[in-house]
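Observations on the model geometry
So you can see what is in the structure, the chains are spelled out below.
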Amino acid sequence: MLEQALHMLKQVYGYDRFRKGQEEIIGGLMEGKDTLAILPTGGGKSVCYQIPAMLLPGTTIVVSPLISLMKDQVDTLGRLGVSAAYLNSSLDAAAYREVVRQTVQGAYKLLYVAPERLDGTMFESLTSQLHIPLIAIDEAHCVSQWGHDFRPSYRQLAGWIGRLEKRPPVAAFTATATPEVSSDIAAMLGLRSPNIFVTGFARTNLALTVVTGTDKRKYLREYVRQRPDQSGIVYTATRKEAEEVCADLTKLGVAAGKYHGGLSDTERAEAQERFRFDEIRVMVATNAFGMGIDKPNVRYVVHWQMPGDVESYYQEAGRAGRDGEESECVLLFEPQDVQVQRFLIERSTADPERRAVQLGKLYTMMHYSRTEKCLLQFIVGYFGEADVPTCGKCSSCLDQSEKIDLTEEARKALSCVGRMKGRFGVSMAAKVLKGSREKRLLDFGLDRLTTYGLLRNWAEKDISDWLYWLVAEGYMRISDGEYPTVSLTTEALPVLEGKVTVLRRRSTAVRRRSEGAAAGAENAPLFEALREWRRETAAREHVPPFMLFFDATLKEIADRQPVTTEQLLAIKGVGAAKAAKYGLDVIRIVRSLESGARPEAAADSIGEGAGGRTGSPEAGRAASGSAGSGERRTADAYPEAAALLAETAHLATHAQTLALFRHGLTLPQIAGLRGMSRVTIENHLLRCADEGEEVEWNAFIPGEHEALIVETIRRVGAQRLKPIKDELPEEIDYFAIKAVMAKHRLGSAG
Ligand code: ADP
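In short, a report on the structure.

Side note on the overall build of the protein chain
Within the protein chain one finds 34 helices and 17 strands. Across the 750 residues that make up the protein chain, the buried fraction comes to 54%. Pairs at least 24 apart in sequence give 70% of the contacts found in the protein chain among residues at least 6 apart. Total accessible area on the protein chain is roughly 33000 Å²; 50% of this is exposed by carbon and sulfur atoms.

See the structure below:
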């Protein structure tokens with residue numbers, strides 16, 4: 001039997017040997033075993049059912065959801081001399097009837113069918129007249145709710161198979177199934193003790209790379225420029241990005257094309273054809289592109305943004321190197337992309353269960369972007385294939401950067417998560433380690449944990465990043481579900497017991513702040529340069545420096561060194577308005593002081609965000625206008641402020657005050673704009689602080705008196721304000737006292 005199969009492989013396809021798994025799968029099917037085969041894209045699934053179909057008497061039914069793929073397959077088989085046809089909605093009634101007629105007469109060895117067709121009476125009557133030796137189900141993960149591409153029409157399959165008079169063996173194929181999805185497929189299709197194959201996921205001709213913290217536009221330009229003769233795909237998350245990236249490459253003289261759901265069918269078909277014929281060298285596309293494409297010589301796939309799950313990523317990336325030649329897959333990852341995917345998930349489904357599944361998958365994708373393990377092993381392991389050696393060519397395998405010992409920090413984090421007993425998520429754990437005063441945290445009494453505030457000197461974002469890294473490395477796990485919680489795995493124990501050390505590559509490691517200092521020592525010059533710039537600009541605009549950016553924001557800029565508007569916007573305290581107004585300046589300073597400075601790169605790649613729309617001079621004045629005057633103004637007097645008001649209108653009233661304050665408005669201005677008393681506005685800030693928000697109290701505290709105020713409160717007690725005020729110099733107002741209390745957590749003066 002297998003000799004015959006090998007003969008077919010040579011004779012029909014012209015291939016000398018089977019790929020991993022093919023032989024076993026074909027052998028099982030020929031013996032009549034139900035089969036579940038999980039092979040990666042390009043792994044050669046079609047051969048697995050086409051060869052048995054040719055060898056067995058009768059007509060094999062192939063269920064496939066992809067109309068374009070069906071046509072391709074039937075055409076290809078035709079050229080190989082194998083008779084095949086398809087039934088789907090692209091046929092008109094007459095053509096449909098003709099295919100049915102020919103099928104009954106035994107004209108085809110394979111009949112491809114769209115799942116929607118299975119329920120039609122015509123189809124039922126057709127199958128009752130046929131000898132069906134095998135049913136092959138392509139893209140079988142579509143039957144599973146836990147998969148990433150559930151299609152309700154697939155749910156009809158089990159019913160239809162059950163109604164067949166003589167049930168033939170059923171073979172389910174997919175490129176993307178986790179162990180959980182596999183068992184669901186087997187159950188939903190009613191497979192009978194199937195042979196299960198998970199194999200060939202390790203596409204060893206693919207070099208996987210994750211690139212993070214880079215200027216994507218610049219990176220891509222350079223990347224494409226260095227591969228002038230190669231065909232590649234760039235995947236973006238949105239149509240708009242596809243348009244922009246395509247335009248950018250075209251400007252460089254690259255033969256780029258675009259493909260997304262916003263184009264007409266003809267435009268898309270034309271783009272696809274031109275890509276196939278290498279007239280388009282780089283296709284910039286959303287995930288609408290690729291279903292059913294079998295272009296063998298795609299040399300690279302670059303993801304402009306992280307997709308929502310590993311399944312999609314590997315499927316899309318796997319379109320590189322289908323001819324087996326060395327090819328590259330690059331994922332450009334920025335932490336804020338996670339938010340984009342989260343948003344897409346929330347918009348795409350209202351079903352909480354589906355949403356939870358998708359969010360779980362998103363976390364795994366995020367771990368891929370952060371892991372220091374072999375990237376190929378990571379993916380292959382995700383699909384349930386074990387014992388694959390490290391690839392030796394992914395960005396993790398090639399990372400030679402020094403490893404830093406973070407055992408102590410790991411123990412702090414793990415012991416904190418351990419104490420939280422799996423009841424909270426990563427962000428709450430980060431808050432506890434940070435020592436946040438957020439209300440929810442206090443309500444749960446988490447400030448009483450001994451681990452509270454253990455990483456006080458880290459930025460909260462960096463703590464989260466650290467926790468996710470520990471998850472990616474297997475020390476902790478995140479539960480599925482809409483409110484995923486974090487807990488320890490057994491791997492954590494040896495760390496907690498001090499038996500193993502935890503090393504992290506410098507390339508991915510958090511830059512730790514030096515205790516108390518303005519910024520990490522290595523960034524001190526940058527921080528100073530930013531402060532100097534702020535001082536000058538503020539003087540020019542006649543506003544106090546903190547109205548531009550708070551120290552904390554400058555510190556974070558110095559730490560993270562953003563070089564694009566996108567990165568700048570990810571920094572706490574930088575909103576759209578400030579990025580537009582000051583982004584260009586800030587990025588220029590960052591670049592000029594970057595380690596191994598690239599001064600020529602000052603402005604060319606900043607993007608429309610900061611470069612194009614520099615804020616109007618009015619905007620600056622709006623913020624400075626009537627500082628301290630307290631007079632009532634309408635929003636019209638400050639064009640930027642009006643926009644800010646509208647932008648923040650959805651917030652709770654006290655949160656809106658804080659947002660305006662963070663944008664640089666003074667309290668009298670906010671009071672004026674909102675038509676509220678100054679005291680109300682002050683109370684808003686106090687309430688925000690109670691709820692755990694950080695408020696820049698220094699803005700209200702006369703620095704030279706701060707120590708005195710603290711000392712007085714300690715001495716007189718914090719129960720009543722008046723006695724404190726009486727002890728202090730006249731010019732110190734009540735709010736300054738309250739600000740000191742809040743800043744130093746000296747208890748409330750009710
Ligand atoms: P899948 O459906 O798993 O994505 P295909 O069945 O389209 O993959 O196969 C991918 C490519 O590999 C096709 O061009 C196919 O002809 C080729 N192929 C399949 N089996 C073999 C083999 N044993 N040797 C060489 N090439 C093969």
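Picking up where we left off.
Quick word on the nonpolar core
Counting residues in each nonpolar core, the largest one holds 146 residues, and the members touching the most others are Ile-137, Tyr-368, Trp-466 and Leu-467. Looking at this core, the element that brings in the most residues is helix H20 (residues 460-472), giving seven residues. Setting aside residues up to four positions removed in sequence, Ile-137 forms contacts with Val-63, Tyr-154, Leu-157, Ile-161, Val-170, Ala-171, Ala-172, Phe-173 and Leu-189. Residues Phe-550, Ala-671, Leu-673 and Val-710 belong to the second largest nonpolar core, which totals 35 residues.

Describing the sheet that holds strand E2 (residues 60-63)
Taking strand neighbours across the sheet as the criterion, the seven strands line up as E3-E4-E2-E5-E6-E1-E7 in an open arrangement whose pairing is parallel. Only two strands of the sheet have a single neighbouring strand rather than two, namely strand E3 (84-87) and strand E7 (195-198). On average, each strand axis in the sheet is inclined to that of its neighbour by 15°, with strand direction left out of account. Contacts between helix H3 (residues 45-55) and the sheet are confined to E2, strand E4 (110-113), strand E5 (135-137) and strand E6 (170-174), with E4 contributing the most and set at about 135° to the helix.

Some details on the packing of helix H2 (residues 22-30) against H3
Where H2 meets H3, the axes come as close as 9 Å, and the angle between the chain directions of the two elements is 40°. Classified by the angle between their axes, H2 and H3 sit oblique to one another. For the crossing formed where H2 meets H3, the hand is right-handed. Side by side, H2 and H3 meet where Gln-22, Ile-25, Ile-26, Leu-29 and Met-30 of the first sit next to Val-47, Cys-48, Ile-51, Pro-52 and Leu-55 of the second.

Topic: helix H8 (residues 179-188)
Residues of H8 that are buried include every one of Val-181, Ser-182, Asp-184, Ile-185 and Ala-186, and no others. Where H8 is buried, its residues meet strand E1 (35-38) and E6. Just downstream of H8, Gly-190 is the residue with a positive phi angle, here 65°.

Remarks on the side chain of Glu-316
Looking at the secondary structure, you find Glu-316 in helix H12 (residues 310-317). Of the side chains bearing the opposite charge, Arg-319 lies closest to the buried Glu-316, which forms no salt bridge; the N-O distance is 5.2 Å. Look past the residues within four positions of Glu-316 in its chain and what remains in contact with it is Tyr-235, Asn-287, Val-301, His-303 and Pro-307.

As for the site of the ligand
In the neighbourhood of the ligand, 14 residues make up the surrounding shell, with Tyr-15, Arg-17, Gly-42, Lys-45 and Ser-46 lying closest. Within the side chain of Tyr-15, a nitrogen or oxygen atom sits 2.8 Å from an oxygen atom of the ligand. One of the side-chain nitrogen or oxygen atoms of Lys-45 is found 2.9 Å away from an oxygen atom of the ligand. Protein chains shield 79% of the accessible area of the ligand, which is 560 Å² for the free molecule. With three residues, H3 is the largest single contributor of residues to the shell around the ligand. Taken together, the residues that form the shell around the ligand break down as four nonpolar, six polar and four charged.

Here's the deal with the pattern of salt bridges
Enumeration according to the criterion identifies 40 salt bridges in this entry. A salt bridge links Glu-328 to Arg-227; the nearest nitrogen and oxygen atoms lie 2.9 Å apart. Pair noted here: Glu-328 is in strand E13 (residues 327-333) and Arg-227 is in the loop between helix H9 (216-225) and strand E9 (231-235), with a separation of 101 residues, a long-range link. Using a relative accessible area of 14% as the deciding quantity, one classes Arg-227 as buried. In this structure, the salt-bridge partner of Arg-535 is Glu-532, at a minimum N-O distance of 2.7 Å. One end of the pair is Arg-535 and the other is Glu-532, both in helix H22 (residues 524-541) and three residues apart, which spans about a single turn. Overlapping salt bridges bring together Arg-370, Glu-372, Asp-465 and Arg-504 as one network.

Observations concerning the packing of helix H17 (residues 407-419) against H20
The contact between H17 and H20 brings their axes to 11 Å, and the two run at 85°. Relative to H20, H17 is oriented roughly perpendicular. Within the contact between the two elements, H17 uses Glu-409, Ala-410, Ala-413, Leu-414 and Val-417 and H20 uses Trp-466, Leu-467 and Leu-470. For the contact of H17 with H20, the residue count by class is seven nonpolar, no polar and one charged.

Here is what the cut-offs are and how they apply
Residues numbered from 1 in each chain as written. Predicted model: local features only at pLDDT ≥ 70, side-chain atom pairs only at ≥ 80, totals over all residues. Heavy atoms only, no water. Helix = DSSP H or I, 4+ residues; strand = E, 2+ residues; numbered from the N terminus. Buried < 20%, exposed > 50% of the residue type's maximum accessible area, 1.4 Å probe, protein only. Contact = heavy atoms within 4.5 Å. Areas by Shrake-Rupley, 256 points an atom, 1.4 Å probe, with all protein chains shown as cover. Core = buried A, V, L, I, M, F, W, Y, C linked by side-chain atoms within 4.5 Å. Pairing = 2+ DSSP bridges. Axes fitted to C-alpha atoms, helices over the stretch in contact; angles between N-to-C directions. Parallel < 35°, antiparallel > 145°, perpendicular 65-115°, else oblique. Left-handed = near helix turned anticlockwise from the far one by under 90°. Lys, Arg positive; Asp, Glu negative; His and termini not counted. Salt bridge = Lys/Arg side-chain N within 4 Å of Asp/Glu carboxyl O. Near = heavy atom within 4 Å. Polar contact = N/O pair within 3.5 Å; in protein donor to acceptor, adjacent residues only side chain to side chain. Nonpolar A, V, L, I, M, F, W, Y, C, P; charged D, E, K, R; others polar.

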